[in-house]
Amino acid sequence: SKIWNSNIDYFNSLFPNYQLFMCQPLTQRAGGVALLAHRSISANLIVSSIDANVFNNLAEYLIMEVIKDKSKYKIYLFYRHPNSSTSDFIDVLLNLFCEYKPSKRSFIIGDLNIDLKNFDNNAHVNPYLSELNSLNFTPFSILPTRCTNNSQTIIDHVLANFGCDVAADSIYINSLTVVCDVTDH
């Protein structure tokens, strides 16, 4: 999900059967978000921070509608800058969900720089998860997504409002964390 201004041409040419949707960082070199969608899937941009910069310098975002096998999905992609206000980000996020309501099958994905491991000792994590839970979103990111010699954090999030209940949903979501040396997380 996170991109850098210097990677754009590379990503545009790397995957020829994919369409790149992106929102570059507006004021910094790092940040931004992107989604690669296979050309066999219908993917449409609903809005991005280029269209409506509601987060100002807190974050970049894309909201996409994807149709696969007659099923519609809404995908919210975010990159929250690590030194931006978490509480301000959560407030704007909730307002964004009022304007662009999650559909029956929605995902929230991104490098949100909110460490879910700090559920018990960070004043922002519990309200963030509680608010998203009130919208029926469940976190699927439960293992550390950024590991260094000194720390492990869960700052990259995947949440969905479907796929948890095998009896109720026709789709069951499996989530995993991939370990690789391509990026720091």
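This one's a predicted model, so the numbers in the text were calculated from it and none came from an experiment.

The rules behind each value
- Residues numbered from 1 in each chain as written.
- Predicted model: local features only at pLDDT ≥ 70, side-chain atom pairs only at ≥ 80, totals over all residues.
- Heavy atoms only, no water.
- Helix = DSSP H or I, 4+ residues; strand = E, 2+ residues; numbered from the N terminus.
- Buried < 20%, exposed > 50% of the residue type's maximum accessible area, 1.4 Å probe, protein only.
- Arc of directions from axis to C-beta.
- Contact = heavy atoms within 4.5 Å.
- Core = buried A, V, L, I, M, F, W, Y, C linked by side-chain atoms within 4.5 Å.
- Patch = residues over 30% accessible without salt bridge, like charges linked within 9 Å, V, L, I, M, F, W, Y side chains within 5 Å.
- Areas by Shrake-Rupley, 256 points an atom, 1.4 Å probe, with all protein chains shown as cover.
- Salt bridge = Lys/Arg side-chain N within 4 Å of Asp/Glu carboxyl O.
- Pairing = 2+ DSSP bridges.
- Phe/Tyr/Trp six-rings, centres within 6.5 Å; stacked < 30°, edge-to-face > 60°.

### Remarks on the environment of threonine 145
Mapped onto the fold, threonine 145 is located in the loop between strand 8 (138-139) and strand 9 (146-147). Remark: the alpha-carbon pair of threonine 145 and aspartate 111, spanning 34 residues in sequence, is separated by 9.5 Å.

### A word on unusual backbone geometry
The phi dihedral of aspartate 69 is positive, around 50 degrees, even though this residue is not glycine. Here aspartate 69 shows up in the loop between strand 5 (59-68) and strand 6 (71-80). Within the chain, asparagine 136 stands out as a residue other than glycine whose phi angle is a positive 70 degrees.

### Let's talk about helix 3 (residues 125-134)
For helix 3, the set of buried residues is Val125, Tyr128, Leu129 and Leu132. Down the axis of helix 3, the buried side of the element spans an arc of 90 degrees, and every buried residue falls inside it. Tucked into the core, helix 3 has its buried residues touching helix 2 (86-99), strand 7 (106-111), strand 8 and strand 11 (156-160). Just downstream of helix 3 lies asparagine 136, where phi reads positive at about 70 degrees.

### Some points on the nonpolar core
Within the largest apolar cluster, 27 residues are counted, with the highest numbers of intra-cluster contacts made by Phe55, Phe78, Phe89, Leu93, Ile108, Tyr128 and Leu132. Ignoring any residue separated from it by four or fewer positions in sequence, one finds leucine 132 in contact with Leu93, Phe97, Ile108, Phe137 and Leu159. Core analysis: the next-biggest nonpolar cluster, separate from the first, contains 17 residues, Met64, Tyr73, Tyr79 and Phe140 among them.

### Observations regarding a nonpolar patch on the surface
Judged by side-chain polarity, Tyr10, Leu14, Phe15, Tyr18 and Leu36 come together as a nonpolar surface patch covering roughly 430 Å² of accessible area. Here tyrosine 10 shows up in helix 1 (residues 8-14).

### Overview of the pattern of salt bridges
Summed over the entire model, instances satisfying the criterion amount to two salt bridges. Among the salt bridges present, the one from glutamate 65 reaches lysine 72, with a minimum N-O distance of 3.9 Å. Looking at glutamate 65, the relative accessible area reads 24%, which means it is partly exposed. Aspartate 69 is the partner of lysine 68 in a salt bridge, and the nearest nitrogen-oxygen pair spans 3.8 Å. In this structure aspartate 69 comes out as exposed when scored by relative accessible area, which is 66%.

### Thoughts on the pairing of strand 3 (residues 30-38)
Pairing analysis gives six bridges linking strand 2 (residues 18-23) to strand 3, with the strands arranged antiparallel. Paired with phenylalanine 21 across the strands is leucine 35, a residue of strand 3. The antiparallel hairpin formed by strand 2 and strand 3 contains six residues in its connecting segment.

### Notes on the packing of aromatic side chains
What characterises a pair of aromatic rings is the spacing of the ring centres plus the angle enclosed by the ring planes. In total, this model carries eleven aromatic pairs according to the counting rule given. Relative to phenylalanine 162, the ring of phenylalanine 107 has its centre 5.2 Å away and its plane inclined at 75 degrees; by these criteria the two rings are edge-to-face. With a gap of 55 residues between them, phenylalanine 107 in strand 7 and phenylalanine 162 in the segment after strand 11 connect regions that are remote in the sequence. Comparing phenylalanine 107 with phenylalanine 162 shows no difference in burial state: the two are buried. Taken together, the aromatic side chains of Phe55, Tyr61, Phe78 and Phe89 make up a single cluster linked through ring pairs.

Everything listed is a geometric property; what it means functionally is a separate question.
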